[in-house]
Amino acid sequence: MANDTLSVTDNRTGKKYELKIENGCIRAMDLRGMKVDAEDFGLMAYDPAFMNTANCKSAITFIDGDKGILEYRGYPIDQLAEKSTHLETSYLLMNGELPTKPQLDEFVTKITHHTYVHENIKQFMDGFRYDAHPMSMLASTVAALSSFYPEAKQVKNKEVRRNQMMRLIAKMPTLAAFSYRHSQGLPYIYPNNDLSYTENFLTMVKSIGKPNWRPHPALVRALDVLFILHADHEQNCSTTSVRVVGSSEVDPYSAVAAGITALYGPLHGGANEAVLRMLREIGDKKNVPEFIKKVKDKDGDKKLMGFGHRVYKNYDPRAKVIKKACDEVFEVTGKNPLLDIAVELERIALQDDYFVQRKLYPNVDFYSGLIYEAMGFPMEFFTCLFAIPRTVGWVTQFEEMITDNEQKIARPRQIFTGPKKRDYVPTEKR
Ligand code: CMC
């Protein structure tokens with residue numbers, strides 16, 4: 001369309017420019033030609049925290065935050081959560097289409113046969129303090145995998161790259177389980193290739209003293225659904241970290257380790273742990289109004305953890321599915337007593353002007369921690385339960401970035417606000 005342009009007048013010079021609009025965007029580089037004189041660097045866009053900047057074109061995950069829509073490769077999240085499995089969804093994310101039966105079988109077999117980690121990893125784990133946070137252990141051991149697979153540096157070689165992607169998806173549950181066992185002082189349990197991805201993980205985490213112990217099938221399914229919900233979420237903080245670090249063409253283990261560390265933070269994946277701490281602090285349903293008051297206090301530093309989202313300005317569609325999963329899990333485990341506090345918090349917050357005006361709704365982390373706790377996971381382990389399924393998102397986004405001809409090493413600009421050039425002064429003269 002001829003009128004898909006933006007007409008701009010630079011009032012500093014009176015010059016007029018026509019900028020092309022494509023996919024609802026202008027190219028920031030098109031601003032560069034707007035100069036006051038030949039010496040001028042040219043106009044830049046200033047956008048701290050990427051509030052309104054698209055950093056890539058992506059065909060993986062679609063979010064409409066105002067409508068509360070989340071789709072992987074076009075498939076609505078609620079349909080996948082109801083009908084798919086985490087490994088089928090992983091195939092979909094990685095390959096763009098749902099697999100045929102033989103394709104899925106081959107994929108599952110490959111993942112299953114990559115679940116073991118080198119024996120040295122155990123010694124590496126043992127080096128951590130007894131009370132090390134499992135996310136620190138996970139991030140470090142994933143980074144260490146890079147030293148076990150030096151060929152992973154060949155990021156442009158599709159076959160080599162895909163091998164590492166499969167290894168990462170396969171080994172993440174093993175590394176997470178080992179970090180849990182270390183923090184509990186329990187012996188590591190090796191993967192069992194006869195079990196499904198999620199059943200194997202739960203077994204490696206929970207089995208003590210009974211080699212044939214198996215987790216309850218309803219809990220396996222509930223965790224698999226949670227894995228589906230967490231598999232990808234387009235350009236969030238950890239995925240952007242993976243893309244930015246990966247843009248230096250470092251191996252995917254190192255890039256994913258960066259993603260794990262980004263996920264660890266309480267504003268991102270660490271929020272599920274923070275929600276549980278908050279519910280414990282509130283302690284009782286009757287204390288909810290007082291807590292909400294503190295959250296709204298402009299001078300205070302309290303946030304309603306598990307509420308709000310940069311993109312969703314509506315109910316997070318994942319939170320809806322999780323709320324339903326809560327019932328299924330609690331039928332097996334008994335109700336988590338903190339649920340009543342969470343439901344009351346949600347009820348009051350959704351009626352309160354502060355939250356309504358700011359469009360703050362429960363996000364994925366609001367209810368997930370309650371399920372994890374009911375399943376017997378300690379709070380410190382919750383974010384590992386996010387990192388395991390997000391691995392497929394990270395590696396898929398890594399591959400999309402590395403094969404995108406428009407991408408280059410990530411390197412934002414800055415607005416320099418420091419002192420102008422000045423001469424060094426010897427210590428005695430300062
Ligand atoms: N509790 C109270 N007020 C909030 C909250 C909250 N959870 N979230 C946002 N606000 C307020 C914020 O103070 C601001 O108010 P004002 O306009 O008066 O200054 C307004 O809402 C807009 O918030 P913002 O901080 O500009 O929004 P953001 O897009 O930068 O932050 C967020 C998004 C998720 C970091 C934030 O909502 C938050 O900190 N939430 C709690 C942590 C959390 O649950 N994180 C998990 C996110 S979902 C899963 C994931 O990504 O891992």
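Our structure is the block above this text.
Let us look at the structure shown here. (Residues numbered from 1 in each chain as written. Predicted model: local features only at pLDDT ≥ 70, side-chain atom pairs only at ≥ 80, totals over all residues. Heavy atoms only, no water.)

As a further point, take the environment of Phe-382. Mapped onto the secondary structure, Phe-382 falls in helix H17 (residues 382-402). Phe-382 sits in the buried class, given a relative accessible area of 0%. Distance in space between the C-alpha atoms of Phe-382 and Thr-396 is 23 Å, their sequence separation being 14 residues. Once residues lying within four places of it in the same chain are set aside, the contact partners of Phe-382 are Asn-272, Glu-273, Leu-276, Gly-369, Tyr-372, Glu-373 and Phe-377. (Helix = DSSP H or I, 4+ residues; strand = E, 2+ residues; numbered from the N terminus. Buried < 20%, exposed > 50% of the residue type's maximum accessible area, 1.4 Å probe, protein only. Contact = heavy atoms within 4.5 Å.)

Among the nonpolar cores identified, the biggest contains 114 residues, and Leu-138, Phe-201, Met-278, Leu-279, Leu-304, Leu-345 and Phe-377 are the most heavily contacted of them. Top contributing element to this core by residue count: H17, with 12 residues. Among residues more than four places away in sequence, those in contact with Phe-201 are Pro-173, Ala-176, Ala-177, Leu-223, Phe-227, Phe-377, Phe-381, Leu-385 and Ile-388. (Core = buried A, V, L, I, M, F, W, Y, C linked by side-chain atoms within 4.5 Å.)

In this section: the packing of helix H2 (residues 86-95) against helix H3 (residues 101-112). Contact geometry of H2 with H3 gives a least axis separation of 10 Å together with a crossing angle of 105°. Judged on the interaxial angle alone, H3 and H2 are roughly perpendicular. Touching Leu-87, Glu-88, Ser-90, Tyr-91 and Met-94 of H2 are Gln-103, Leu-104, Phe-107, Val-108 and Ile-111, all from H3. Its residues assigned to classes, the contact of H2 with H3 shows seven nonpolar, two polar and one charged. (Axes fitted to C-alpha atoms, helices over the stretch in contact; angles between N-to-C directions. Parallel < 35°, antiparallel > 145°, perpendicular 65-115°, else oblique. Nonpolar A, V, L, I, M, F, W, Y, C, P; charged D, E, K, R; others polar.)

With that settled, the discussion passes to the packing of aromatic side chains. If you walk through the whole model with that rule in mind, you get 16 aromatic pairs. Judged by centre distance (5.9 Å) and plane angle (75°), the rings of Phe-307 and Phe-355 are edge-to-face. Here the residue Phe-307 occupies a position in the loop between helix H12 (288-296) and helix H13 (317-333), and Phe-355 occupies one in helix H15 (residues 353-357), the gap between them amounting to 48 residues. Just as Phe-307 is buried, Phe-355 falls in that class too. Ring geometry for Tyr-315 and Tyr-361: centres 6.4 Å apart, planes at 55°, overall tilted. Residue Tyr-315 is found in the loop between H12 and H13, and its partner Tyr-361 is found in the loop between H15 and helix H16 (364-374); the two are separated by 46 residues along the sequence. The exposure class of Tyr-315 is buried, given its relative accessible area of 12%. Ring pairing ties together the aromatic residues Tyr-180, Tyr-197, Phe-201, Phe-227, Phe-377 and Phe-381, which thus form one cluster. Cation over ring: Lys-206 sits above Phe-377, and NZ or CZ is 5.1 Å from the ring centre. One Lys or Arg, Arg-358, reaches over the ring of Tyr-354 and ends 3.8 Å from the middle of that ring. (Phe/Tyr/Trp six-rings, centres within 6.5 Å; stacked < 30°, edge-to-face > 60°. Lys NZ or Arg CZ within 6 Å of the ring centre and 35° of its normal.)

The alternating pattern of strand S4 (residues 69-72) places Leu-70 and Tyr-72 on a buried face and Ile-69 and Glu-71 on a face that is not buried. Sheet analysis places strand S3 (residues 61-64) next to S4, joined by four bridges and oriented antiparallel. Across the sheet, Asp-64 pairs through a bridge with Ile-69, a residue of S4. The turn joining S3 and S4, which pair antiparallel and follow one another in sequence, is formed by four residues; a positive phi near 70° is taken by Gly-68. In this sheet, strand S5 (residues 75-76) lies alongside S4 in antiparallel orientation, the contact comprising two bridges. Across the sheet, the residue bridging to Glu-71 is Pro-76, located in S5. (Pairing = 2+ DSSP bridges.)

Below, the discussion takes up the site of the ligand. Lining the immediate surroundings of the ligand are 21 residues, of which His-268, Lys-298, Lys-303, Leu-304 and Arg-310 lie closest. Between the ligand and the protein, one listed contact pairs a nitrogen atom with a backbone N or O atom of Leu-304 at 2.7 Å. Tyr-354 has a polar side-chain atom sitting 2.9 Å from a nitrogen atom of the ligand. Protein contact buries 74% of the 940 Å² of open area that the ligand shows by itself. Looking at the shell around the ligand residue by residue, the class counts come to 10 nonpolar, six polar and five charged. (Near = heavy atom within 4 Å. Polar contact = N/O pair within 3.5 Å; in protein donor to acceptor, adjacent residues only side chain to side chain. Areas by Shrake-Rupley, 256 points an atom, 1.4 Å probe, with all protein chains shown as cover.)

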